[in-house]
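# Report on the structure
Listed below, chain by chain, are the residues.
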Amino acid sequence: MSTVHHAERRTRLGRVSRRDRATAHPGGGSTRWGLAILIVMVSVYVQTEASNFLTEANLQTIILNVSSLLIAAAAMMRLVVAGNVDLSIGGQLSLLSVLSALVARDTGSAVLALAVALGVGAVVGLVNGVAVRLLSISPLIVTLGLSFVYFGLAYAFSDSSAVFGLPTTFLELGLSRFAGIPTPVVIALIYFAVCAFLLTRTTGGVRRFAIGGNASAARSEGINVDRAMLSDFVFMGFTMGIVAVLTTARIQSGSADIGVNFELETLTAVIVGGVAFNGGAGRPLGVFLGVLLLGTIDAAMVFLGFADYYQQIAKGGILLLALAADQYARHRARMRTSAATADQGGKAKTHAARLGEMQLDTPSRGTLAARVDGISKNYGAVQALRDISFDVRYGEVTCLLGDNGAGKSTLIKILAGTLPPTTGDILINQSEEVDLQKTDNPREAGLETVWQDLAVCPNLGAAYNLALGNEPSRIRVGPIRVFDRKAAEEAALKRLASIGVNLSDMFRPLSDLSGGQRQSVSISRVVSEDVKIVLLDEPTAALGVHQTRNVVALIKELAESGAAVILVSHDIDIVQEVADHYVILNRGALVADARAKDMTPQKLVHLMAGLVDTEQPEKPTQLATS
Ligand SMILES: Nc1ncnc2c1ncn2[C@@H]1O[C@H](COP(=O)(O)OP(=O)(O)OP(=O)(O)O)[C@@H](O)[C@H]1O
């Protein structure tokens, strides 16, 4: 499609490939090496105080002690990155420990005990996910409440006493060694590595970062946020099944006390490891170091002869410090964003749009692209839209206008497929012939929306943002798709170049860009051969004069290249410059459906201001039939 200059693209990609790969990571660039230094400092200090700290046996013990924490943290970081949290995992651990121990003791079967732990864990996770979804309040509160339920059940099933008499096959899961290394350590390292890979390298992982960065933007890109949340809670519960079996086998008994404070330890490791408490950022290596730090501090306290409660105080202090660091990082990011916004139009030099170079594979100008057919929408007693019908044509700009409360936003949401109409249909042409089909997913039918509130994920770069919902993948194994960063980078570069935007780094988080650059990234989403109908909701609202001219040029060129453009704007000058066709609403009713040539400026101002009697609307000017 595009004839973007290949040499230029090569040079830019060349520059990008020399960039530190860390910045291409969806969770941000910080590797938390400070934690590694802290671990070394603590270890060296304790070694000088008690000479046998840095022995191989002690290091093995430290890692064995944190193996359960490492497994739980692997699943917890996925939840937190996507903006969720599960405070019931301590209760889950207790319940699953008791259940697996009872099954192992009563049946003698390690396999059955494992199956029960994993199965019940997944069900418990599902219950958590459904409760968070249904109650629509903070997962912190919902899972805290459920935590009491799980602890209570654990005490009830175990009669408040430890379950002993476990068969050897079960105990071996926690006590055996593999190539000289304790089995729980081997399992923890493999499990963590797999989870880290899934989070940072696959489409599903990138989506978690997108959801944590801006859930509504992710939703508007077609990502099923609720399903992702449910599956993450189920995964957390399943993971707690593994943790429960390994821990129970290692300590050779099931107990309702086993999970006390476990959720706080896990959360501390994840937050200390640099995962943002509000989601959208974090790196597995940081979490790994966070887990190691907690293990090292525990061991150090024991070596230095501190009582148990000092360990609790130390961990609480570390969690508070990590949260403070998280807040500070968020403050710095906000400052960067406002500085970049103030610099709007400075570094981001947008040039004349070069969209004319693109050849959209759309039917010829004037052909019917979409038909809005009798759309009505009620919000309870409020009738926001009343029997709206009009046509949209390829190669034309349709301006959707109206005063405040006229129903424009409601109609846009219905057109974009994010809000169902009460009655009526949206019909979209999917082939060369005028063959309109009712569609439930306008996006799949080639309709792309650029939202007024810039539905972007500020924590991700242009390459990720522009790929969301339709991510390129290199390898596919079942539902797991490995994200193709190179292809995403090239596609983003190509799209931005076609509207004359030059960003030096396609992986730089959008929060670091100016408002105009973010707007450009958002708008460039429509530059694709798959996009045939473009819906722009106040696209110039956040822009300065220079960038507004670029967007106006883009709108014209989109239409010239064959796309059908639906523009919502309050800017009468822009509207008059680009419109081929007007659709004007007033208090939910259609008051004009007119060709631009039939609309005088006075009449337009009159209609836009809502100075019409909607009970006796002006006869909408009919479109010429094609
Ligand atoms: N979720 C909602 N629940 C109830 N009423 C709503 C809802 N959304 C919109 N409305 C009502 O529907 C009518 C149309 O609102 P809408 O936001 O679509 O208008 P608009 O033309 O986009 O206005 P504006 O230009 O001010 O954004 C208004 O009376 C509004 O109060």
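Definitions and limits used
Residues numbered from 1 in each chain as written. Predicted model: local features only at pLDDT ≥ 70, side-chain atom pairs only at ≥ 80, totals over all residues. UniProt positions renumbered as here; feature names shortened; annotations may be inferred. Helix = DSSP H or I, 4+ residues; strand = E, 2+ residues; numbered from the N terminus. Buried ≥ 20, exposed ≤ 12 C-beta atoms within 10 Å, placed from the backbone. Domains from an automatic or database assignment. Nonpolar A, V, L, I, M, F, W, Y, C, P; charged D, E, K, R; others polar. Expected span 1.5 Å × (residues − 1). Axes fitted to C-alpha atoms, helices over the stretch in contact; angles between N-to-C directions. Parallel < 35°, antiparallel > 145°, perpendicular 65-115°, else oblique. Contact = placed C-beta atoms within 7 Å. Near = placed C-beta within 6 Å. Left-handed = near helix turned anticlockwise from the far one by under 90°. Pairing = 2+ DSSP bridges. Core = buried A, V, L, I, M, F, W, Y, C linked by C-beta atoms within 7 Å.

The name an unreviewed UniProt entry assigns to the protein is ATP-binding cassette domain-containing protein, from the organism Nocardioides vastitatis. Regarding the protein, the UniProt comment filed under Subcellular location (unreviewed entry) reads as follows: "Cell membrane".

## Remarks on the overall build of the protein
A tally of regular secondary structure across the protein gives 22 helices and 14 strands. When the 626 residues of the protein are sorted by exposure, 50% land in the buried category.

## Considering the domain arrangement of the protein
Size of an interface: often given as the accessible area lost when the parts come together. In terms of domains, the protein is made up of domain 1 (31-335) and domain 2 (355-608). With centres defined by C-alpha atoms, the gap from domain 1 to domain 2 works out at 43 Å. The set of elements that each furnish at least two residues to the side of domain 1 that touches domain 2 consists of α9 (183-201), α10 (203-213) and α11 (215-220). Broken down by element, the residue count for the side of domain 1 that touches domain 2 peaks at six residues, all from α10. Considered class by class, the residues forming the side of domain 1 that touches domain 2 number nine nonpolar, nine polar and two charged.

## Structural notes on helix α6 (residues 110-135)
Compared with the 38 Å implied by 1.5 Å per residue over 26 residues, the 37 Å span of α6 between its first and last C-alpha is a close match. The positive-phi residue at the C-terminal boundary of α6 is S136, with phi of around 50°.

## Structural notes on the packing of helix α8 (residues 168-175) against helix α12 (residues 225-251)
Where α8 meets α12, the axes come as close as 7 Å, and the angle between the chain directions of the two elements is 100°. Considering the angle they form, α8 stands roughly perpendicular to α12. Contact residues: α8 offers F170, L171, L173, G174 and L175, while α12 offers V245, L246, A249 and R250. Here the contact of α8 with α12 is composed, by residue class, of seven nonpolar, one polar and one charged.

## Details of the site of the ligand
Taken together, Y379, V382, A384, G402, N404, G405, A406, G407, K408, S409 and T410 form the complete shell of residues around the ligand. Looking at the shell around the ligand, the elements that each hand over two or more residues are β4 (382-393) and α16 (408-416). Of the residues forming the shell around the ligand, the biggest block, three residues, is contributed by α16. Looking at the shell around the ligand residue by residue, the class counts come to four nonpolar, six polar and one charged.

## A look at the packing of helix α5 (residues 89-107) against α6
Relative orientation of the contacting elements α5 and α6 amounts to 150°, with a least axis distance of 8 Å. Between α5 and α6, the angle falls in the class roughly antiparallel. Seen from above, α5 lies across α6 with right-handed handedness. Here α5 contributes Q92, L96, L99, S100, V103, A104 and T107 to the contact with α6, which in turn contributes A110, L112, A113, V116, A117, V120, G121 and V124.

## Section: the UniProt feature "transmembrane region" (unreviewed entry) in the protein
Per the UniProt annotation, the sites labelled "transmembrane region" (unreviewed entry) are residues 29-47, 59-80, 110-132, 139-158, 178-199, 233-252 and 285-307. Helix makes up 83% of residues 285-307 and strand 0%. Its end C-alpha atoms lie 30 Å apart.

## Looking at the pairing of strand β11 (residues 533-537)
Burial analysis of β11 places five of its five residues in the buried class, the great majority of the element. The alternating pattern of β11 places I533, L535 and D537 and V534 and L536 on opposite faces, both of which are buried. Sheet topology note: the strand β8 (residues 447-450)/β11 ladder contains four bridges and is parallel. Within β11, the position partnered with V450 by the bridge is L536. Across five bridges, β11 lies against strand β12 (residues 564-568) in parallel orientation. From the neighbouring strand, L535 faces β12, where its bridge partner is I566.

## Quick notes on helix α19 (residues 515-524)
Among the ten residues in α19, ten count as buried, and that is most of the element. Where α19 is concerned, the buried positions are G515, G516, Q517, R518, Q519, S520, V521, S522, I523 and S524.

## Considerations on the sheet that holds β8
Taken together, six strands build an open sheet; the order of strands is β8-β11-β12-β5-β13-β14 and the sheet is mixed. A strand with exactly one partner marks an edge of an open sheet, and here the two such strands are β8 and β14 (589-595). Between one strand axis and the next, the sheet turns by 15° as a mean value, whatever way the strands run. Bridge count between strand β5 (residues 397-402) and β12: four bridges; the pairing is parallel. Residue pairing for β12: C399 is matched across the bridge by L567.

## Observations regarding unusual backbone geometry
With phi around 45°, D387 is a residue other than glycine that occupies positive phi space. One non-glycine residue, E538, adopts positive backbone phi at about 45°.

## Notes on the environment of N65
You can see N65 is positioned in helix α3 (residues 56-65). Assessed through the 16 C-beta atoms surrounding it within 10 Å, N65 is described here as partly exposed.

## So, the nonpolar core
If you look at the biggest cluster of nonpolar residues, it comprises 185 residues, and the most contacted ones within it are A73, I555 and V565. Residue contributions to this core peak at 14 residues, all from α12. Residues from two domains meet in this core; each of domain 1 (31-335) and domain 2 (355-608) gives at least three. Once you skip the residues sitting within four places of it in the chain, A73 turns out to touch T266, A269, V270, V287 and V291.

## As for the environment of A131
Note that A131 resides in helix α6. Taking C-alpha positions, A131 is 9.1 Å from L146, a pair spaced 15 residues apart along the chain. Residue contacts for A131: discarding those within four places in its chain leaves V142 and L146.

## Some thoughts on the environment of I388
With respect to the helices and strands, the residue I388 is situated in strand β4. With 23 C-beta atoms packed within 10 Å, I388 lands in the buried category. In sequence terms I388 and A594 are 206 residues apart; their C-alpha atoms lie 14 Å from each other. Apart from the residues within four sequence positions on either side, I388 is in contact with V372, I375, L411 and L590.

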